[in-house]
Amino acid sequence: MRAKAAWLAACTLLLAAGCAENLDGRPEPAPLPPPSQQAIAWADAMCPTLQRLDRAKDAYDEVDRSVDPLFVQSELERMLKNASSIDQLAAPLKTLPPTGLAAADRLTEKVLTSIDQALPELKRLAGDLNHSLRLAFEEVEQRAAAANKALDGIPVSSADLTALTTEDPAVKAAHARAEGCAPPDKTPPRQPRDGTNLAACAAGVCEVLIPSGKSELQVSTHKFTATVTIDAVRFVEVSDAGSLSLGTGAGGTLKWPSPAPGQSLTAKVSWIGEQGAVVDFTMG
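In this text the structure is predicted, and so the values were computed from the model without any measurement. (Residues numbered from 1 in each chain as written. Predicted model: local features only at pLDDT ≥ 70, side-chain atom pairs only at ≥ 80, totals over all residues. Heavy atoms only, no water.)

1. Considering the packing of aromatic side chains
Argument step 1. Following the criterion strictly, the structure yields 4 aromatic pairs and no others.
Argument step 2. Against the face of Y60 rests R65, its NZ or CZ located 4.5 Å from the ring centre. (Phe/Tyr/Trp six-rings, centres within 6.5 Å; stacked < 30°, edge-to-face > 60°. Lys NZ or Arg CZ within 6 Å of the ring centre and 35° of its normal.)

2. A closer look at the pattern of salt bridges
Any two side chains of opposite charge can pair, given that their charged atoms come close.
Argument step 1. On inspection of all chains with the given rule, the structure shows 10 salt bridges.
Argument step 2. D160 is the partner of K110 in a salt bridge, and the nearest nitrogen-oxygen pair spans 3.6 Å. Of the two residues, K110 is situated in helix α5 (residues 102–126) and D160 in helix α7 (residues 158–167); the sequence distance between them amounts to 50 residues.
Argument step 3. Judged by relative accessible area, which is 36%, K110 ranks as partly exposed.
Argument step 4. The class of D160 is partly exposed, set by a relative accessible area of 28%.
Argument step 5. For E139, the salt bridge is made with R143, and the minimal N-O distance between the two is 2.9 Å. Taken together, the residues span about one helical turn, with E139 and R143 both in helix α6 (residues 137–152) at a distance of 4 residues.
Argument step 6. Judged by relative accessible area, which is 29%, E139 ranks as partly exposed. (Salt bridge = Lys/Arg side-chain N within 4 Å of Asp/Glu carboxyl O. Helix = DSSP H or I, 4+ residues; strand = E, 2+ residues; numbered from the N terminus. Buried < 20%, exposed > 50% of the residue type's maximum accessible area, 1.4 Å probe, protein only.)

3. Focus on the confidence of the model for the protein
Fine structural detail should not be taken from predicted coordinates in areas where pLDDT scores are low.
Argument step 1. Taken over all residues, the pLDDT of the protein has a mean of 86, while the share at 70 or more is 85%.
Argument step 2. Within the protein, no element has a lower average pLDDT than helix α1 (residues 2–13), which sits at 41, and none a higher one than strand β1 (residues 206–211), at 97.
Argument step 3. Here residues 1–20 is a poorly scored stretch, pLDDT under 50, and it has 13 contacts once near neighbours within four places are set aside; other chains count. (pLDDT = per-residue confidence, 0-100. Contact = heavy atoms within 4.5 Å.)

4. Structural notes on the nonpolar core
As a rule of thumb, nonpolar side chains are buried together in soluble globular proteins.
Argument step 1. Core analysis: the largest hydrophobic core is formed by 43 residues, its most contacted members being W42, M46, L107, V111, L122 and L161.
Argument step 2. Of all the secondary structure elements, the ones that give two or more residues to this core are α2 (37–62), α3 (69–83), α5, α6, α7 and α8 (169–177).
Argument step 3. The residues contacting V111, other than those within four sequence positions of it, are M46, T49, L50, L93 and V156.
Argument step 4. Within the second largest apolar cluster, 21 residues are counted, among which are C206, V233, V269 and I272. (Core = buried A, V, L, I, M, F, W, Y, C linked by side-chain atoms within 4.5 Å.)

5. Notes on unusual backbone geometry
Argument step 1. Here S220, not a glycine, exhibits a phi torsion of approximately 55°, which is positive.
Argument step 2. Looking at where S220 falls in the secondary structure, it is placed in the loop between β2 (213–219) and β3 (222–228).

See below:
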């Protein structure tokens, strides 16, 4: 006991130099070196790639079938178009050198290979979307369902990265340092002028926080279904003339066709986060 007490006293005095044993005498594990820039860059690309892949897999089930069929068809066509372009999600990973972390490099290979294998079928199902209006609703629905099945067959998701950060301390360290892996902002840097009062937009000029998910919104003569996700906001307008779908990310600006001089609607998206999207609508 005296020897252990003496060791504890010496350890306290020399704490700045570090102690090599636990209180029970077992050696402490050596601290990991800080993650390399290559490992951080890998995590910075991998996190958003897997998050967007997850959302692509969910897109089919999230289409609201209870609304106007023109709106449903527009959403299904958008889902098909996005599905046929999923190789773009992984583009940042293709340009990265090996990280030196075996588990991380194996996950990269799995992501790239899985997407490449699914891509030909997804492109076939999407076909030439410029001529999608020639397709009957039933045909679009069948293609979208098949694309959803192909997406679900891609055997990788954000859960794989989460498991890897638990199993591999080096991957966990890189993940913690990557900006692309940071959780979304919870609150906007400032409250919008009209807060969450979407009804304020009826006059055609407002700055509001549109909540995450789907919302019905009227801005002047435009009636939208607004959909806010983690990194984008999309407005779909259905009228007798057809459907119009416009979307952008934070910092983007959308402009609707003008029915008459001075009546063009513009939407500037200043922020997107966990609560929703801050959008400034103006007419002119």
